[in-house]
2 protein chains.
Amino acid sequence: SRPCCIEALLAEAAEPGAPARPCPCPLPSGDTALSRLVRRLLSARRSLDLCLFSFSCPQLARAVQLLHRRGVRVRLVTDAQYMGLHGSQIGRLRHAGIQVRHDQDSGYMHHKFAIVDRRMLITGSLNWTTQAIQSNRENVLVVEDAEYVKAFQEEFERIWEEYNPANYRFFPEKQ
Amino acid sequence: SRPCCIEALLAEAAEPGAPARPCPCPLPSGDTALSRLVRRLLSARRSLDLCLFSFSCPQLARAVQLLHRRGVRVRLVTDAQYMGLHGSQIGRLRHAGIQVRHDQDSGYMHHKFAIVDRRMLITGSLNWTTQAIQSNRENVLVVEDAEYVKAFQEEFERIWEEYNPANYRFFPEKQ
(Lines give C-alpha, C1' and ligand atoms only; values in the text may rest on other atoms or scores of the structure.)
Protein backbone atom coordinates (compact mmCIF):
# COMPACT_ATOMS: atom_id res chain seq x y z
CA SER A 1 0.00 0.00 0.00
CA ARG A 2 0.97 3.65 -0.32
CA PRO A 3 2.67 5.35 2.66
CA CYS A 4 0.00 5.92 5.29
CA CYS A 5 -0.47 6.94 8.91
CA ILE A 6 -1.80 4.45 11.48
CA GLU A 7 -1.48 6.73 14.54
CA ALA A 8 -5.26 6.90 15.01
CA LEU A 9 -5.49 3.10 14.95
CA LEU A 10 -2.70 2.73 17.51
CA ALA A 11 -4.10 5.47 19.76
CA GLU A 12 -7.54 3.88 19.74
CA ALA A 13 -6.01 0.50 20.62
CA ALA A 14 -3.90 2.02 23.42
CA GLU A 15 -6.78 3.91 24.97
CA PRO A 16 -10.10 2.55 23.79
CA GLY A 17 -12.88 5.10 24.07
CA ALA A 18 -10.53 8.09 24.47
CA PRO A 19 -11.48 11.06 22.31
CA ALA A 20 -9.92 10.77 18.85
CA ARG A 21 -7.02 13.16 18.29
CA PRO A 22 -6.34 13.38 14.56
CA CYS A 23 -2.63 13.04 13.75
CA PRO A 24 -1.18 16.28 12.32
CA CYS A 25 1.08 14.44 9.82
CA PRO A 26 0.29 14.87 6.13
CA LEU A 27 0.00 11.14 5.35
CA PRO A 28 -3.41 9.68 4.48
CA SER A 29 -4.91 7.58 7.28
CA GLY A 30 -7.75 5.79 5.51
CA ASP A 31 -8.21 2.11 4.78
CA THR A 32 -5.04 0.53 3.35
CA ALA A 33 -3.53 -2.95 3.21
CA LEU A 34 -1.31 -1.95 6.16
CA SER A 35 -4.20 -0.62 8.25
CA ARG A 36 -6.18 -3.81 7.60
CA LEU A 37 -3.19 -5.90 8.73
CA VAL A 38 -2.74 -3.76 11.87
CA ARG A 39 -6.44 -4.04 12.72
CA ARG A 40 -6.25 -7.83 12.55
CA LEU A 41 -3.19 -7.85 14.82
CA LEU A 42 -4.75 -5.44 17.31
CA SER A 43 -7.74 -7.76 17.63
CA ALA A 44 -5.51 -10.12 19.70
CA ARG A 45 -6.78 -10.63 23.25
CA ARG A 46 -4.66 -13.49 24.59
CA SER A 47 -1.76 -14.42 22.32
CA LEU A 48 0.19 -13.42 19.26
CA ASP A 49 2.66 -15.89 17.74
CA LEU A 50 4.96 -14.36 15.14
CA CYS A 51 7.24 -16.27 12.78
CA LEU A 52 8.95 -13.65 10.62
CA PHE A 53 11.99 -13.87 8.38
CA SER A 54 12.48 -10.11 8.37
CA PHE A 55 10.90 -7.52 10.66
CA SER A 56 11.97 -3.91 10.13
CA CYS A 57 8.67 -2.01 9.80
CA PRO A 58 8.48 0.39 12.79
CA GLN A 59 4.70 0.74 12.59
CA LEU A 60 4.15 -3.00 12.90
CA ALA A 61 6.68 -3.13 15.74
CA ARG A 62 4.69 -0.48 17.59
CA ALA A 63 1.50 -2.49 17.16
CA VAL A 64 3.25 -5.58 18.56
CA GLN A 65 4.67 -3.62 21.52
CA LEU A 66 1.25 -2.23 22.26
CA LEU A 67 -0.20 -5.74 22.43
CA HIS A 68 2.63 -6.82 24.73
CA ARG A 69 1.93 -3.87 27.06
CA ARG A 70 -1.75 -4.76 27.00
CA GLY A 71 -0.89 -8.21 28.42
CA VAL A 72 -1.16 -10.26 25.25
CA ARG A 73 1.40 -13.09 25.28
CA VAL A 74 3.69 -12.31 22.35
CA ARG A 75 6.23 -14.85 21.09
CA LEU A 76 8.45 -14.06 18.13
CA VAL A 77 10.59 -16.38 16.02
CA THR A 78 12.93 -14.84 13.48
CA ASP A 79 15.95 -15.42 11.28
CA ALA A 80 19.39 -15.09 12.84
CA GLN A 81 20.98 -13.43 9.82
CA TYR A 82 18.23 -10.92 9.18
CA MET A 83 17.62 -9.94 12.79
CA GLY A 84 21.01 -8.22 12.82
CA LEU A 85 20.45 -6.10 9.72
CA HIS A 86 20.22 -2.33 9.93
CA GLY A 87 16.66 -1.25 10.70
CA SER A 88 15.60 -4.55 12.22
CA GLN A 89 13.02 -4.08 14.97
CA ILE A 90 14.03 -7.23 16.85
CA GLY A 91 16.35 -5.47 19.31
CA ARG A 92 13.70 -2.94 20.18
CA LEU A 93 11.09 -5.65 20.76
CA ARG A 94 13.50 -7.64 22.94
CA HIS A 95 14.29 -4.50 24.86
CA ALA A 96 10.57 -4.06 25.49
CA GLY A 97 10.54 -7.50 27.11
CA ILE A 98 9.13 -9.57 24.26
CA GLN A 99 10.38 -13.14 23.99
CA VAL A 100 12.36 -13.69 20.79
CA ARG A 101 13.95 -16.88 19.50
CA HIS A 102 15.93 -17.45 16.29
CA ASP A 103 17.51 -20.22 14.26
CA GLN A 104 21.19 -21.14 14.30
CA ASP A 105 21.32 -22.41 10.73
CA SER A 106 22.92 -21.16 7.54
CA GLY A 107 19.54 -21.66 5.83
CA TYR A 108 16.86 -19.03 6.38
CA MET A 109 13.94 -19.14 8.78
CA HIS A 110 11.87 -17.89 5.87
CA HIS A 111 8.31 -18.13 7.20
CA LYS A 112 6.23 -14.94 7.32
CA PHE A 113 3.17 -15.68 9.40
CA ALA A 114 1.32 -14.56 12.50
CA ILE A 115 -1.29 -16.37 14.56
CA VAL A 116 -3.74 -14.30 16.58
CA ASP A 117 -5.32 -15.94 19.64
CA ARG A 118 -4.56 -19.38 18.17
CA ARG A 119 -7.50 -18.91 15.81
CA MET A 120 -6.54 -16.53 13.01
CA LEU A 121 -3.64 -17.21 10.66
CA ILE A 122 -2.09 -14.33 8.72
CA THR A 123 0.40 -15.61 6.14
CA GLY A 124 1.74 -14.92 2.65
CA SER A 125 4.71 -13.48 0.82
CA LEU A 126 4.94 -10.30 2.92
CA ASN A 127 8.01 -9.69 5.04
CA TRP A 128 7.30 -7.08 7.70
CA THR A 129 9.43 -4.39 6.08
CA THR A 130 8.53 -0.94 4.84
CA GLN A 131 9.86 -1.77 1.37
CA ALA A 132 7.60 -4.81 1.15
CA ILE A 133 4.57 -2.86 2.34
CA GLN A 134 5.10 0.21 0.21
CA SER A 135 6.91 -0.95 -2.93
CA ASN A 136 6.49 -4.67 -3.58
CA ARG A 137 3.81 -6.80 -5.13
CA GLU A 138 2.79 -9.05 -2.21
CA ASN A 139 0.00 -11.23 -0.90
CA VAL A 140 -1.36 -11.73 2.62
CA LEU A 141 -3.88 -14.46 3.36
CA VAL A 142 -6.10 -14.30 6.44
CA VAL A 143 -7.40 -17.76 7.27
CA GLU A 144 -9.59 -18.92 10.13
CA ASP A 145 -10.14 -22.52 8.97
CA ALA A 146 -9.03 -24.67 11.90
CA GLU A 147 -7.23 -27.09 9.60
CA TYR A 148 -4.78 -24.46 8.34
CA VAL A 149 -4.43 -22.65 11.66
CA LYS A 150 -3.59 -25.93 13.37
CA ALA A 151 -0.85 -26.81 10.89
CA PHE A 152 0.83 -23.42 11.33
CA GLN A 153 0.35 -23.42 15.12
CA GLU A 154 2.05 -26.82 15.29
CA GLU A 155 4.91 -25.59 13.11
CA PHE A 156 5.23 -22.58 15.40
CA GLU A 157 5.39 -24.72 18.57
CA ARG A 158 7.92 -27.05 16.89
CA ILE A 159 10.17 -24.13 15.92
CA TRP A 160 9.71 -22.42 19.29
CA GLU A 161 11.06 -25.52 21.04
CA GLU A 162 13.76 -26.20 18.46
CA TYR A 163 15.09 -22.64 18.85
CA ASN A 164 15.00 -22.74 22.64
CA PRO A 165 18.30 -21.21 23.81
CA ALA A 166 18.76 -24.32 25.96
CA ASN A 167 19.39 -26.17 22.69
CA TYR A 168 22.03 -23.78 21.34
CA ARG A 169 25.11 -25.49 19.99
CA PHE A 170 27.82 -23.08 21.06
CA PHE A 171 30.55 -25.63 20.53
CA PRO A 172 29.40 -27.85 17.68
CA GLU A 173 30.77 -31.35 18.08
CA LYS A 174 32.81 -32.83 15.29
CA GLN A 175 30.94 -35.09 12.85
CA SER B 1 13.26 -31.19 2.17
CA ARG B 2 16.52 -33.09 1.90
CA PRO B 3 18.19 -33.40 -1.52
CA CYS B 4 16.18 -35.92 -3.53
CA CYS B 5 15.77 -37.34 -7.02
CA ILE B 6 12.54 -36.73 -8.95
CA GLU B 7 13.63 -38.41 -12.20
CA ALA B 8 11.09 -41.21 -11.81
CA LEU B 9 8.28 -38.69 -11.36
CA LEU B 10 9.32 -36.70 -14.42
CA ALA B 11 9.79 -39.85 -16.54
CA GLU B 12 6.35 -41.13 -15.57
CA ALA B 13 4.82 -37.75 -16.47
CA ALA B 14 6.67 -37.61 -19.80
CA GLU B 15 5.67 -41.13 -20.81
CA PRO B 16 2.75 -42.36 -18.76
CA GLY B 17 2.61 -46.12 -18.66
CA ALA B 18 6.18 -46.64 -19.86
CA PRO B 19 8.12 -49.24 -17.84
CA ALA B 20 9.77 -47.60 -14.82
CA ARG B 21 13.52 -47.21 -15.16
CA PRO B 22 15.02 -46.54 -11.73
CA CYS B 23 17.44 -43.61 -11.78
CA PRO B 24 21.01 -44.76 -11.05
CA CYS B 25 21.84 -41.65 -8.97
CA PRO B 26 22.45 -42.15 -5.26
CA LEU B 27 19.81 -39.64 -4.07
CA PRO B 28 16.68 -40.90 -2.32
CA SER B 29 13.56 -40.73 -4.48
CA GLY B 30 10.79 -41.26 -1.96
CA ASP B 31 8.08 -38.88 -0.77
CA THR B 32 9.46 -35.41 0.05
CA ALA B 33 8.08 -31.88 0.15
CA LEU B 34 9.60 -31.32 -3.32
CA SER B 35 8.10 -34.48 -4.80
CA ARG B 36 4.69 -33.53 -3.42
CA LEU B 37 4.98 -30.07 -4.99
CA VAL B 38 6.06 -31.57 -8.33
CA ARG B 39 3.17 -34.06 -8.29
CA ARG B 40 0.69 -31.22 -7.81
CA LEU B 41 2.22 -29.27 -10.70
CA LEU B 42 2.28 -32.30 -12.98
CA SER B 43 -1.43 -32.78 -12.37
CA ALA B 44 -2.06 -29.76 -14.67
CA ARG B 45 -4.08 -30.62 -17.76
CA ARG B 46 -4.96 -27.25 -19.28
CA SER B 47 -3.13 -24.34 -17.66
CA LEU B 48 -0.40 -23.38 -15.24
CA ASP B 49 -0.11 -19.76 -14.11
CA LEU B 50 3.11 -18.99 -12.25
CA CYS B 51 3.87 -15.82 -10.32
CA LEU B 52 7.36 -16.28 -8.88
CA PHE B 53 9.78 -13.78 -7.39
CA SER B 54 12.75 -16.12 -7.85
CA PHE B 55 12.96 -19.27 -9.96
CA SER B 56 16.31 -21.03 -10.03
CA CYS B 57 15.49 -24.65 -9.13
CA PRO B 58 16.35 -26.77 -12.21
CA GLN B 59 14.09 -29.64 -11.18
CA LEU B 60 11.02 -27.40 -10.99
CA ALA B 61 12.01 -25.81 -14.31
CA ARG B 62 12.08 -29.27 -15.90
CA ALA B 63 8.61 -30.03 -14.56
CA VAL B 64 7.31 -26.75 -16.02
CA GLN B 65 8.97 -27.43 -19.39
CA LEU B 66 7.46 -30.89 -19.47
CA LEU B 67 3.98 -29.43 -18.95
CA HIS B 68 4.60 -26.90 -21.73
CA ARG B 69 5.65 -29.71 -24.11
CA ARG B 70 2.54 -31.64 -23.13
CA GLY B 71 0.38 -28.74 -24.36
CA VAL B 72 -0.48 -27.16 -21.02
CA ARG B 73 -0.73 -23.36 -21.38
CA VAL B 74 2.04 -22.04 -19.14
CA ARG B 75 2.26 -18.33 -18.27
CA LEU B 76 5.01 -17.06 -16.00
CA VAL B 77 5.31 -13.70 -14.22
CA THR B 78 8.56 -12.92 -12.45
CA ASP B 79 10.73 -10.19 -10.97
CA ALA B 80 12.92 -8.17 -13.32
CA GLN B 81 15.85 -7.96 -10.91
CA TYR B 82 15.88 -11.60 -9.89
CA MET B 83 15.32 -13.09 -13.36
CA GLY B 84 18.81 -11.94 -14.34
CA LEU B 85 20.64 -13.53 -11.41
CA HIS B 86 23.06 -16.38 -11.90
CA GLY B 87 21.24 -19.69 -11.91
CA SER B 88 17.85 -18.24 -12.83
CA GLN B 89 15.80 -20.66 -14.94
CA ILE B 90 13.86 -17.90 -16.69
CA GLY B 91 16.10 -17.74 -19.79
CA ARG B 92 15.87 -21.49 -20.25
CA LEU B 93 12.07 -21.43 -19.96
CA ARG B 94 11.80 -18.55 -22.44
CA HIS B 95 14.10 -20.41 -24.79
CA ALA B 96 11.74 -23.37 -24.55
CA GLY B 97 8.93 -21.12 -25.80
CA ILE B 98 7.21 -20.37 -22.52
CA GLN B 99 5.60 -16.92 -22.20
CA VAL B 100 7.30 -14.84 -19.51
CA ARG B 101 6.43 -11.36 -18.31
CA HIS B 102 8.13 -9.25 -15.63
CA ASP B 103 7.74 -5.98 -13.77
CA GLN B 104 9.58 -2.77 -14.58
CA ASP B 105 9.60 -1.45 -11.02
CA SER B 106 12.29 -0.92 -8.42
CA GLY B 107 10.05 -2.75 -5.93
CA TYR B 108 9.95 -6.52 -6.09
CA MET B 109 7.33 -8.73 -7.73
CA HIS B 110 7.49 -10.78 -4.54
CA HIS B 111 4.59 -13.21 -4.98
CA LYS B 112 5.37 -16.92 -4.91
CA PHE B 113 2.30 -18.74 -6.17
CA ALA B 114 1.12 -21.14 -8.84
CA ILE B 115 -2.39 -21.87 -10.06
CA VAL B 116 -3.05 -25.26 -11.65
CA ASP B 117 -5.98 -25.49 -14.10
CA ARG B 118 -7.53 -22.37 -12.53
CA ARG B 119 -8.67 -24.53 -9.61
CA MET B 120 -5.69 -25.28 -7.33
CA LEU B 121 -3.66 -22.54 -5.66
CA ILE B 122 -0.15 -23.32 -4.42
CA THR B 123 1.24 -20.42 -2.37
CA GLY B 124 3.42 -19.64 0.62
CA SER B 125 6.87 -18.43 1.58
CA LEU B 126 8.76 -20.72 -0.81
CA ASN B 127 10.77 -19.21 -3.63
CA TRP B 128 11.49 -21.82 -6.29
CA THR B 129 15.20 -22.08 -5.48
CA THR B 130 17.27 -25.05 -4.41
CA GLN B 131 18.39 -23.19 -1.27
CA ALA B 132 14.78 -22.59 -0.24
CA ILE B 133 13.82 -26.20 -0.88
CA GLN B 134 16.82 -27.81 0.77
CA SER B 135 17.95 -25.41 3.50
CA ASN B 136 15.23 -23.00 4.58
CA ARG B 137 12.28 -23.21 6.89
CA GLU B 138 9.34 -22.61 4.51
CA ASN B 139 5.63 -23.13 4.11
CA VAL B 140 3.56 -24.06 1.08
CA LEU B 141 -0.23 -23.96 1.20
CA VAL B 142 -2.31 -25.92 -1.29
CA VAL B 143 -5.80 -24.46 -1.46
CA GLU B 144 -8.75 -25.44 -3.60
CA ASP B 145 -11.38 -23.15 -2.02
CA ALA B 146 -12.81 -21.14 -4.91
CA GLU B 147 -12.75 -17.94 -2.86
CA TYR B 148 -8.95 -17.97 -2.45
CA VAL B 149 -8.22 -19.33 -5.93
CA LYS B 150 -10.35 -16.59 -7.48
CA ALA B 151 -8.54 -13.79 -5.63
CA PHE B 152 -5.13 -15.06 -6.74
CA GLN B 153 -6.32 -15.79 -10.30
CA GLU B 154 -7.58 -12.19 -10.54
CA GLU B 155 -4.29 -10.85 -9.21
CA PHE B 156 -2.50 -12.99 -11.79
CA GLU B 157 -4.61 -11.68 -14.70
CA ARG B 158 -4.13 -8.10 -13.43
CA ILE B 159 -0.35 -8.49 -13.30
CA TRP B 160 -0.24 -10.35 -16.62
CA GLU B 161 -1.89 -7.38 -18.35
CA GLU B 162 0.05 -4.77 -16.38
CA TYR B 163 3.35 -6.41 -17.39
CA ASN B 164 2.35 -6.78 -21.05
CA PRO B 165 5.40 -5.68 -23.08
CA ALA B 166 3.05 -3.37 -25.00
CA ASN B 167 2.93 -1.29 -21.80
CA TYR B 168 6.70 -0.99 -21.34
CA ARG B 169 7.90 2.51 -20.61
CA PHE B 170 11.19 2.53 -22.48
CA PHE B 171 11.38 6.30 -22.36
CA PRO B 172 9.70 7.33 -19.11
CA GLU B 173 8.09 10.72 -19.47
CA LYS B 174 9.09 13.48 -17.11
CA GLN B 175 6.84 14.02 -14.13
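The rules we used
Residues numbered from 1 in each chain as written. Chains lettered and ligands numbered in written order. Predicted model: local features only at pLDDT ≥ 70, side-chain atom pairs only at ≥ 80, totals over all residues. Heavy atoms only, no water. UniProt positions renumbered as here; feature names shortened; annotations may be inferred. Helix = DSSP H or I, 4+ residues; strand = E, 2+ residues; numbered from the N terminus. Least-squares fit on C-alpha atoms with pLDDT ≥ 70 in both. Contact = heavy atoms within 4.5 Å. 1 Å grid on protein atoms, 1.4 Å probe; cavity = no way out; pocket = protein on both sides within 12 Å on 5 of 7 lines; lining within 4 Å. Points joined across faces, edges and corners; volume = space filled by probe spheres on them. Nonpolar A, V, L, I, M, F, W, Y, C, P; charged D, E, K, R; others polar. Buried area = accessible area lost by both parts, 1.4 Å probe. Salt bridge = Lys/Arg side-chain N within 4 Å of Asp/Glu carboxyl O. Polar contact = N/O pair within 3.5 Å; in protein donor to acceptor, adjacent residues only side chain to side chain.

Asker: Outline the UniProt feature "domain: PLD phosphodiesterase" (unreviewed entry) in chain A, listing residues and values.
Answerer: With numbering aligned to this structure, UniProt lists the feature "domain: PLD phosphodiesterase" (unreviewed entry) at residues 105-132 of chain A. As annotated, residues 105-132 of chain A comprises 11% helix and 36% strand, and the C-alpha atoms at either end are separated by 24 Å.

Asker: Kindly report on the relation of the copies chain A and chain B, identifying the contributing residues and their values.
Answerer: Relating one copy of the chain to the other takes a rotation about an axis and a shift parallel to that axis. The two copies are related by a screw operation: chain A maps onto chain B through 180 degrees of rotation and 0.0 Å of translation along the axis, at an RMSD of 0.0 Å. In the structure described here, the two chain copies are related by an operation that fits a two-fold rotation axis. Residue by residue, 100% of the interface of chain A is reproduced at the interface of chain B, so both copies engage with the same surface.

Asker: I'd like to hear about the layout of surface pockets, residue by residue, with values.
Answerer: Quantified by volume, the largest pocket comes out at close to 830 Å³. Considering the residues around the largest pocket, the lining is formed by 27 residues, among which Ala-33, Arg-36, Glu-138, Asn-139 and Val-140 of chain A are closest to the centre. Of all elements in the fold, only helix 2 (33-42), helix 5 (130-135) and strand 6 (140-143) of chain A together with helix 6 (146-162) of chain B reach the threshold of two or more residues within the lining of the largest pocket. In terms of residue class, the lining of the largest pocket is made up of 13 nonpolar, five polar and nine charged.

Asker: Tell me about empty space enclosed by the protein, and name the residues and values.
Answerer: One pass over the full model with this rule turns up three cavities of 30 Å³ or more. Taken as a whole, the largest cavity holds about 60 Å³ of empty space. Lining the largest cavity, in full, are Leu-37, Lys-112, Phe-113, Ala-114, Ile-122, Thr-123, Gly-124, Ser-125, Leu-126, Trp-128, Asn-139 and Val-140 of chain B. Those elements giving two or more residues to the lining of the largest cavity turn out to be strand 4 (112-116) and strand 5 (120-124) of chain B. Among the residues forming the lining of the largest cavity, the class breakdown is seven nonpolar, four polar and one charged. There is about 50 Å³ of room inside the second largest cavity. Lining the second largest cavity are Leu-37, Lys-112, Phe-113, Ala-114, Ile-122, Thr-123, Gly-124, Leu-126, Trp-128, Asn-139 and Val-140 of chain A. Secondary structure elements with two or more residues in the lining of the second largest cavity: strand 4 (112-116) and strand 5 (120-124) of chain A.

Asker: Quick one: what's the story with the interface of chain A and chain B, residue by residue and with numbers?
Answerer: Every contact between the two is made by 28 residues of chain A and, on the other side, 28 residues of chain B. The junction of chain A with chain B conceals about 2,200 Å² of combined surface from both sides, 50% of it contributed by carbon and sulfur atoms. Summed over the three residues of chain A that lose the most area to chain B, namely His-110, Arg-137 and Leu-141 of chain A, the buried surface amounts to 33% of that side. Linking chain A with chain B are four salt bridges, by the criterion used here. Arg-137 of chain B is paired through a salt bridge with Glu-155 of chain A; the nearest N and O atoms lie 3.2 Å apart. For the pair chain A and chain B, the number of links is 20 residue pairs in polar contact (both at pLDDT 80 or more). Elements with a minimum of two residues in the side of chain A that touches chain B: strand 4, strand 5, helix 5, strand 6 and helix 6 (146-162) of chain A. Per-element tally for the side of chain A that touches chain B: the top contributor is helix 6 of chain A, with six residues. Broken down by class, the residue content of the side of chain A that touches chain B amounts to 10 nonpolar, 11 polar and seven charged.

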